[in-house]
Amino acid sequence: MAIRVPSMELHRSSPLLSGCRGRNTCPQKKPFLVQAKRLGGLEKESTRSGTQESGQPKKRAPLVRGTVSPPLPVPGNIPRPPYVGTKYVPEIAKEVQMHDKESIIHMRAACELAARVLDYAGTLVKPSVTTDEIDKAVHKMIIDAGAYPSPLGYGGFPKSVCTSVNECMCHGIPDSRELQDGDIINIDVTVYLNGYHGDTSKTFLCGEVDEASKRLVKVTEECLLRGISTCKHGTSFKKIGRRISEHAERNGFGVVECFVGHGVGRVFHSEPIIYHQRNNRPGQMIEGQTFTIEPIISMGSIDCDMWDDGWTAVTTDGSLAAQFEHTILITRTGAEILTKC
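Residues numbered from 1 in each chain as written. Predicted model: local features only at pLDDT ≥ 70, side-chain atom pairs only at ≥ 80, totals over all residues. Heavy atoms only, no water.

- The protein chain is annotated in an unreviewed UniProt entry as Methionine aminopeptidase from Miscanthus lutarioriparius.
- Its UniProt record, at the heading Catalytic activity (unreviewed entry), says of the protein chain: "Release of N-terminal amino acids, preferentially methionine, from peptides and arylamides."
- Word for word, the UniProt comment on the protein chain under Function (unreviewed entry) is "Cotranslationally removes the N-terminal methionine from nascent proteins. The N-terminal methionine is often cleaved when the second residue in the primary sequence is small and uncharged (Met-Ala-, Cys, Gly, Pro, Ser, Thr, or Val)." (UniProt positions renumbered as here; feature names shortened; annotations may be inferred.)

### Remarks on the sheet that holds strand E14 (residues 313-315)
By way of backbone hydrogen bonds, the strands of a sheet pair with one another, either parallel or antiparallel.
Item 1. Within the open sheet, the three strands sit side by side as E5-E14-E13. Their pairing is antiparallel. Taken across any chain shown, the strands that pair with only one partner, and hence form the sheet edges, are strand E5 (168-170) and strand E13 (304-306). Each adjacent strand pair in this sheet contributes to an overall mean axis angle of 40°, direction not counted.
Item 2. Strand direction decides the pairing type here: E13 and E14, joined by three bridges, are antiparallel. Pairing of Cys 304 across the sheet is with Thr 315, part of E14. (Pairing = 2+ DSSP bridges. Helix = DSSP H or I, 4+ residues; strand = E, 2+ residues; numbered from the N terminus. Axes fitted to C-alpha atoms, helices over the stretch in contact; angles between N-to-C directions.)

### A few points about the UniProt feature "binding site: a divalent metal cation 2" (unreviewed entry) in the protein chain
Item 1. Mapped onto the present numbering, the UniProt feature "binding site: a divalent metal cation 2" (unreviewed entry) falls on Asp 199, His 262, Glu 294 and Glu 325. With the annotated positions falling across 127 residues, the maximum pairwise C-alpha distance of 10.9 Å places them together in a single cluster.
Item 2. Residue position: Asp 199 is located in strand E7 (residues 196-205).
Item 3. We classify Asp 199 as buried; its relative accessible area is 0%.
Item 4. Of note is the side chain of Asp 199, whose polar atom sits 2.8 Å from the side chain of Thr 190.
Item 5. Along the chain, the position of Glu 325 falls in the loop between strand E15 (321-323) and strand E16 (326-330).
Item 6. Non-local contacts of Glu 325, meaning those with residues more than four positions away in its chain, are made with Met 1, Asp 188, Asp 199, Thr 200, Ser 201, Leu 224, His 262, Thr 292, Ile 293, Glu 294 and Thr 339. (Buried < 20%, exposed > 50% of the residue type's maximum accessible area, 1.4 Å probe, protein only. Polar contact = N/O pair within 3.5 Å; in protein donor to acceptor, adjacent residues only side chain to side chain. Contact = heavy atoms within 4.5 Å.)

### Re helix H4 (residues 211-229)
Since there are 3.6 residues in each turn of an α-helix, residues three or four apart along the chain are aligned in direction.
Item 1. Its 19 residues place the ends of H4 27 Å apart at the C-alpha level, agreeing with the 27 Å of an ideal helix rising 1.5 Å per residue.
Item 2. Of the positions making up H4, those classed as buried are Ala 212, Ser 213, Arg 215, Leu 216, Val 217, Val 219, Thr 220, Cys 223, Leu 224, Gly 227, Ile 228 and Ser 229.
Item 3. The opening residue of H4, the one whose side-chain oxygen lies 3.2 Å from the backbone nitrogen of Ala 212, is Asp 210. (Expected span 1.5 Å × (residues − 1).)

### With respect to unusual backbone geometry
Item 1. Here the bond from Glu 271 into Pro 272 is cis, since omega is 0°, no more than 30 degrees from zero.
Item 2. Residue position: Pro 272 is located in strand E10 (residues 270-274).
Item 3. A positive phi is found at His 171, a non-glycine position, where the angle reads about 65°.
Item 4. Relative to the helices and strands, His 171 is located in the loop between E5 and strand E6 (184-193).
Item 5. For His 171, a relative accessible area of 6% corresponds to the buried category.

### Looking at the sheet that holds strand E12 (residues 296-298)
Item 1. Spatial ordering of the open sheet is given by E8-E12-E15, a layout of three strands whose pairing is antiparallel. At either end of the open sheet lies a strand with only one pairing partner, and these are strand E8 (254-255) and E15.
Item 2. In this sheet, E15 lies alongside E12 in antiparallel orientation, the contact comprising three bridges. Across the sheet, the residue bridging to Ile 296 is Gln 323, located in E15.

### A short note on the packing of aromatic side chains
Item 1. By the definition in use, this model includes five aromatic pairs.
Item 2. Ring plane angle 70° and centroid distance 5.2 Å describe the contact between Tyr 154 and Phe 268, whose orientation is recorded as edge-to-face. Within this pair, whereas Tyr 154 is found in the loop between strand E3 (148-149) and strand E4 (162-165), its partner Phe 268 is found in the loop between strand E9 (259-263) and E10, the two being separated by 114 residues in sequence. The residues Tyr 154 and Phe 268 share a single accessibility class, namely buried.
Item 3. One aromatic cluster is present, built from ring pairs that chain together Tyr 83, Tyr 154 and Phe 268. (Phe/Tyr/Trp six-rings, centres within 6.5 Å; stacked < 30°, edge-to-face > 60°.)

### Examining the pattern of salt bridges
Item 1. Overall, the coordinates contain 13 salt bridges when judged by the stated rule.
Item 2. We note a salt bridge from Arg 65 to Asp 308, for which the minimum N-O separation is 3.1 Å. One end of the pair, Arg 65, is in the loop between strand E2 (32-35) and helix H2 (101-123); the other, Asp 308, is in the loop between E13 and E14, and 243 residues separate them in sequence.
Item 3. The residue Asp 132 makes a salt bridge to Lys 159 at a minimum N-O spacing of 3.0 Å. With Asp 132 in helix H3 (residues 131-144) and Lys 159 in the loop between E3 and E4, the pair connects residues that are 27 residues apart, well separated along the chain.
Item 4. With relative accessibility at 9%, the residue Asp 132 sits in the buried group.
Item 5. Residues joined by salt bridges that share partners form a network here, namely Asp 132, Asp 135, Lys 136 and Lys 159. (Salt bridge = Lys/Arg side-chain N within 4 Å of Asp/Glu carboxyl O.)

Rendered as structure tokens:
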């Protein structure tokens, strides 16, 4: 779940500104490691104003709000994060989420559960399914695993998952709107298990999706993986934004600047702040720390309008946006993607 950066922080950062399903247990796998590497050659960047190579996306009606049902109950025996029961959005914690061998075990468990829930949620994406139905299914799978859905009650957020459709950049609130053939939808899952948060998201295709939209989704996932490929102990955080921006721009897309990745672990949102655009922010990665990378890539405007619910962020020009997210653990030679199962 991304956090929004105050405009002051954006201005300071850079002159260039920003198949497991159901409740089955995942098979045992070796950790998914990404070795830090350098990509050879920089291709010439294209501008966002030109026609996309794969054509234009089909015209869609603007996203409209449906009816939001009441928050779902959580059994009393399931531990809650400390912010539950308050209406305020917690401050971004200054502490860096560092882990020893024992806490890494807990982080892997929380992140694996989040990954399984997200995979299951993706199987529900079909025309005529409502995002409220997806929320109910996700909620049940999380509480059945003895975990708490981290978004529920965070700063008053009323649902257990974020569902962001088409021009919604992030933090869409599940409601009664039915998914339409050709939609794209980001589902953002965070679980709180045994005192640790696991955070991940993915953009899914609903029915028959046009080639331009498919390309946006594909490039967005590639941006995430390229950002992760820069990561290892001692690397500057700013390399993440540079790598993501290079790939998005050479494909004719823009990187949304006002939402960022973050440290995650015992605390939902903490330092370091991960900028996805070019920036000159200081700081280096440390072996044993965990954080999210979660770029939002847009076909058009990288600026957002906020709905009056205080959460739903949509592109100002109605263009499509996609997002992918992983929680990663920094190692000596690269990064381990924790939110894969």
